[in-house]
Amino acid sequence: TATTEIYTLSLHDALPISMKEQRAVTRANTMTGHGPTEFVWPPITLRLPDWVGEETGPPGGCFPTVEDRMDLAIRLAERSVEQDAGAPFGASVFEIETGALVAPGVNLVLRENCSPAHAETLAIMGAQQARSTFDLGANGFPAMELVTSAQPCIQCYGNVWWSGLMRVVMAASADDVERLTNFREGPLPAEWDSRLTDRAPLPAVEVVQGVLRKRACTVLRRYGEMGGYIYNAGAGDEACPTRNFES
């Protein structure tokens, strides 16, 4: 009796296969009646380290003042350096009026091999998951803000733009980041702050700068002086060696 081979692709097989080969497998399965090819791509999962909860406390904790909220963002940045977790940045999303913590974020670029995984982006993503919406400014939600230990880079600036957040509070400036660490923040618009505050027909995003800036700069300086890894992707640097990160 003739046997029919079922063509499938595992994760190991899927990554190097060419488009031409993919089409050939699909055709073979269609002709033999075995249905669509079982392509298995890598899952996309980003998980904050366990120690983040030690700094934040339980969800919904209240941080009454903007300084209290920035203190948390900077503590997350400090802890990230202490844990060798990747980069000296921390951020969180709060309800503006109540100070309730919606979601924290730390930088996971090196830990997860994921260039978009900046602290601000993780905080925004976490807030959107916590509130089950892609638009944090949708009707029915309290106004929310991003509080970050450093000015958002070009990538996070774009994420703020589309997030629905109503305010951004930052400590260190992009110039501070580049001067103290050698990270490159990208081609931010010359008047980046006014573009957020005046972007009709979209609602304005208020910008507050320099909150606890000196303390945030201390964290950046420490990272630079200790030789922390600087991942300016595309700059032709050596790839970061494989590292084992603690939870």
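Residues numbered from 1 in each chain as written. Predicted model: local features only at pLDDT ≥ 70, side-chain atom pairs only at ≥ 80, totals over all residues. Heavy atoms only, no water.

Q: Sorry, what's going on with the nonpolar core here?
A: Where a protein is soluble and globular, its nonpolar side chains tend to be buried together. In this structure, Met-70, Phe-89, Val-93 and Phe-183 are the most contacted members of the largest nonpolar core, which totals 60 residues. Here this core gets seven residues from one element, more than from any other, and that element is helix H4 (residues 66-82). Not counting chain neighbours up to four residues away, the residues in contact with Val-93 comprise Ala-100, Leu-101, Val-102, Ala-103, Ala-123, Ile-124, Ala-127, Met-144, Glu-145, Leu-146 and Leu-165. (Core = buried A, V, L, I, M, F, W, Y, C linked by side-chain atoms within 4.5 Å. Buried < 20%, exposed > 50% of the residue type's maximum accessible area, 1.4 Å probe, protein only. Helix = DSSP H or I, 4+ residues; strand = E, 2+ residues; numbered from the N terminus. Contact = heavy atoms within 4.5 Å.)

Q: It is not clear to me how helix H7 (residues 154-161) should be interpreted in this structure. Could you clarify?
A: Since there are 3.6 residues in each turn of an α-helix, residues three or four apart along the chain are aligned in direction. Those residues of H7 that fall on the buried side of the exposure criterion are Cys-156, Tyr-157 and Val-160. Angularly, the buried residues of H7 cover 110° about the axis, an arc narrow enough to put them on a single face. Buried-residue contacts for H7 involve helix H6 (119-131), strand S3 (144-150), strand S4 (167-172) and helix H9 (192-197). (Arc of directions from axis to C-beta.)

Q: Can you walk me through the pairing of strand S2 (residues 101-106) in this structure?
A: Each regular strand carries side chains that alternate between the two faces of the sheet. Along S2, six of the six residues are buried, which leaves the element largely enclosed by surrounding structure. Note: strand S1 (residues 90-95) against S2, five bridges, orientation antiparallel. Counterpart to Phe-94 in the pairing with S2 is Leu-101. From the end of S1 to the start of S2, which pair antiparallel, there are five residues, and Gly-99 there has a positive phi angle of about 80°. (Pairing = 2+ DSSP bridges.)

Interpretation note: all reported values are geometric properties and have no functional meaning in isolation.
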